[in-house]
Amino acid sequence: MLVIGQSLQETTLDETQNPNGFLEVNDERLHQKLNNRMLRIISNMFKPQRLISHFLQENLMNPFKNAIFSKKKIDWSCISTTCKQWIKNPLNMALLLWITCVIISGAILFLVMTGMLNRILTKKSQRDEWFEANNQILNALFTLMCLYQHPKRFYHLVLLLRWKQEDITILRNLYCKNGNPKPHEFFHMMVVIVLLHVNCFAQYALCSLNLGFDRSKRPAVGVGICISIAIAAPIFAGLYCFVSPLGKEYESDEVHCSTSSRLPSEMSFSFASRNDHGLVVIEYAPEWRGGLFDLKQNLSVAYQTLFCGFCTFGRNMKRLHFGNIYVHISTFFLFCMAPFCIFNLAALHIDDENLRRIMGFIGILLSVFGLLYGGYWRIQMRKRFNLPPNNNSKLCCGNQNVRDCMQWLLCCWCSLAQEVRTVEFYDIVEDKFSCKNQNHGMFNSSSLWSSPSLSNKVCSEEKQKNHVMEAPIALRINVEDSVIRRT
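Please read all numbers here as calculations on a predicted model, not as lab measurements.

Colleague: Which residues make up the overall build of the protein chain, and what values go with them?
Modeller: Within the protein chain one finds 18 helices and nine strands. Here the protein chain, with 487 residues, has 35% of them falling under the buried criterion. Taking the contacts inside the protein chain whose residues are at least 6 apart along the sequence as the reference set, 68% of them involve residues at least 24 apart. Surface accessibility of the protein chain: about 30400 Å² in total, with carbon and sulfur atoms responsible for 61%.

Structure follows, in structure tokens:
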């Protein structure tokens, strides 16, 4: 405003000093000139705002618009391929099904609570039944998810309390950014793991309230507290991982990519057998030991899978380096037993007979589908160790993954017995050995890696000391440099 006043004052002085009486003769021209001067000054005052707004529009809004509306910026084929690859994972399929059920049941519960279904459910008793049914379904779904995740969380807590070098490596890869050491990482990991346990126990408490009390007698305060804690705990755990040192990068001179710090999931394993001389022979094309129904081939294994299937499955997973034995035992047990128990207990609080039967049927169906946990790990076993597919390629539209899952659904004991027989027949070795041709007795790095189908490769080095054969020594070949290095 001071600038405007000074400009007006200068203009007035210039015109009043005109000896020809400009103010009196050209009054309209003076007003027009003053108006133009004022508009120019005001526009100059708001020029920075225009520049800022233009900058924001060009740098922030336009890229956003282009990313959404411009067909050239979005690679739909890449998105479609990524989605197809994601959905092919059985675990992702189960997660997508769980999310779909939660959305549908939650939407129905919301519509009933807000009265949007009053025209359809005209009676209050009907609305109460639908409210309780969907409430129990949501409670069962979230409780099952916590049950399935809790064995891993207990395992992580044990690793944290034990705090050995291999345990630290596993925890860093799970909770630390880039798997590198962080300042005070023990304390920060403990906070995250405790919050995740709080989430599970709060959900269990909420499940107890829903299953232990009728709707009219259920304490609203207790339900609200349990829901709040169950929702807030994992959110705080995720935020803490992000803002704490666990989610930040630090410069470190240590090398963390050595072989000793690798996880079993990052290593490559192969089946191996021993020849007549006791030397380890890599099997690049192993076979299943016996057919699916050849239970008589090993009766002890058949009885173990029949009477103690969960323990046998967990021990087999440990041999295959697929994880902790107790985590697999408890997770497989919960997959097969928890849905039946939770859904049938929830059905007791539903008055409608048809809804009660549907709830019981859902529990039985989910328990049967829990056998797909074994089918998923059979797929991983076949892919990792290059085992052959099923002989009948016409079944299940030629999809071997589907056939593996169907084998577990239709005959879980036979499938598990076949897997155990195969694992007991072969030795499992890390697939990072040099291989010596048994026939020629010399190293050949080019033929070694170009012909992986050859099964007659010996992965050891013979030594004699006092005319006694020592244990095989693992070697490694650098194929690019053709240099043999002893490890």
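Colleague: For the UniProt feature "transmembrane region" (unreviewed entry) in the protein chain, give the residues involved together with the corresponding values.
Modeller: UniProt's feature table lists "transmembrane region" (unreviewed entry) at residues 95–117, 186–206, 221–243, 325–346 and 358–377, given in the numbering used throughout. Annotated as 87% helix and 0% strand, the span residues 95–117 places its first and last C-alpha atoms 29 Å apart. In this annotation, residues 325–346 is assigned 100% helix and 0% strand; the end-to-end C-alpha distance for the span is 31 Å.

Colleague: Quick one: what's the story with the side chain of Asn135, residue by residue and with numbers?
Modeller: Position of Asn135 among the secondary structure elements: in helix H7 (residues 124–162). Here Asn135 falls in the buried class, since its relative accessible area comes to 17%.

Colleague: A description of unusual backbone geometry should follow, citing residues and the corresponding values.
Modeller: Glycine aside, the phi torsion of most residues is negative, and most peptide linkages are trans. Non-glycine residue Asn178 carries a positive phi angle of around 65 degrees. Take Asn178: it is sitting in the loop between helix H8 (165–175) and helix H9 (185–212). Relative accessible area serves as the criterion here: at 55%, Asn178 is assigned to the exposed category. You will see that His184, though not glycine, has its phi angle at about 55 degrees, which is positive. Turning to its location among the elements, His184 is positioned in the loop between H8 and H9. Note on His184: relative accessible area 64%, which makes it exposed.

Colleague: Pulling in residues and values, what's your account of the state of the cysteines?
Modeller: Such a bond, covalent and formed between the sulfur atoms of two cysteines, is termed a disulfide. For the structure shown, the criterion picks out one disulfide. Residue Cys411 pairs covalently with Cys414 via a disulfide, S to S 2.4 Å. The burial state of Cys411 is the same as that of Cys414; both residues are buried. Here Cys241 is not disulfide-linked; the sulfur of Cys176 is the nearest cysteine sulfur, at 8.4 Å.

Colleague: Can you lay out the environment of Arg218 for me, pointing to particular residues and giving the numbers?
Modeller: Within the secondary structure, Arg218 is located in the loop between H9 and helix H10 (220–243). Residue classification places Arg218 among the buried positions, given a relative accessible area of 13%. Setting aside residues up to four positions removed in sequence, Arg218 forms contacts with Glu132, Asn135, Gln136, Leu209, Asn210, Phe213 and Val223. A distance of 3.3 Å separates the side chain of Arg218 from the backbone oxygen of Asn210, its partner in a polar contact. Polar side-chain contacts of Arg218 include one of 3.1 Å to the backbone oxygen of Phe213.

Colleague: Can you explain the layout of surface pockets? Please cite residues and give values.
Modeller: The rolling of a water-molecule-sized probe over the atoms marks out the regions of remaining empty space. When its volume is computed, the second largest pocket comes out at roughly 540 Å³. Every element with two or more residues in the lining of the second largest pocket is listed here: H7, H9 and H10. Ranked by the residues each element gives to the lining of the second largest pocket, the list is headed by H7, at eight residues. Residue classes in the lining of the second largest pocket are distributed as 13 nonpolar, six polar and three charged.

Colleague: So what about the pattern of salt bridges? Which residues, and what values?
Modeller: Applying the stated criterion across every chain yields a total of 12 salt bridges. In this structure, the salt-bridge partner of Arg172 is Glu185, at a minimum N-O distance of 2.8 Å. A residue pair is termed long-range when its members are at least 10 positions apart, and Arg172 in helix H8 and Glu185 in helix H9 qualify at 13 residues. When sorted by exposure, Arg172 lands in the same class as Glu185, which is buried. Here Glu353 and Arg356 are joined by a salt bridge, their closest N and O atoms 2.4 Å apart. One end of the pair, Glu353, and the other, Arg356, are both in helix H14 (residues 353–369), three residues apart, so they sit about a helical turn from each other. For Glu353, a relative accessible area of 38% gives the class partly exposed. Beyond isolated ion pairs, a larger network of salt bridges with shared partners links Arg378, Arg382, Asp404 and Glu419.

Colleague: Could you give an account of the environment of Phe154, with specific residues and numbers?
Modeller: Along the chain, Phe154 falls in helix H7. With a relative accessible area of 40%, Phe154 lands in the partly exposed category. A C-alpha to C-alpha distance of 9.9 Å links Phe154 and Leu196, two positions 42 residues apart in sequence. Apart from the residues within four sequence positions on either side, Phe154 is in contact with His197 and Phe201.

Quick notes on the rules
Residues numbered from 1 in each chain as written. Predicted model: local features only at pLDDT ≥ 70, side-chain atom pairs only at ≥ 80, totals over all residues. Heavy atoms only, no water. Helix = DSSP H or I, 4+ residues; strand = E, 2+ residues; numbered from the N terminus. Buried < 20%, exposed > 50% of the residue type's maximum accessible area, 1.4 Å probe, protein only. Contact = heavy atoms within 4.5 Å. Areas by Shrake-Rupley, 256 points an atom, 1.4 Å probe, with all protein chains shown as cover. UniProt positions renumbered as here; feature names shortened; annotations may be inferred. Disulfide = S-S within 2.5 Å. Polar contact = N/O pair within 3.5 Å; in protein donor to acceptor, adjacent residues only side chain to side chain. 1 Å grid on protein atoms, 1.4 Å probe; cavity = no way out; pocket = protein on both sides within 12 Å on 5 of 7 lines; lining within 4 Å. Points joined across faces, edges and corners; volume = space filled by probe spheres on them. Nonpolar A, V, L, I, M, F, W, Y, C, P; charged D, E, K, R; others polar. Salt bridge = Lys/Arg side-chain N within 4 Å of Asp/Glu carboxyl O.

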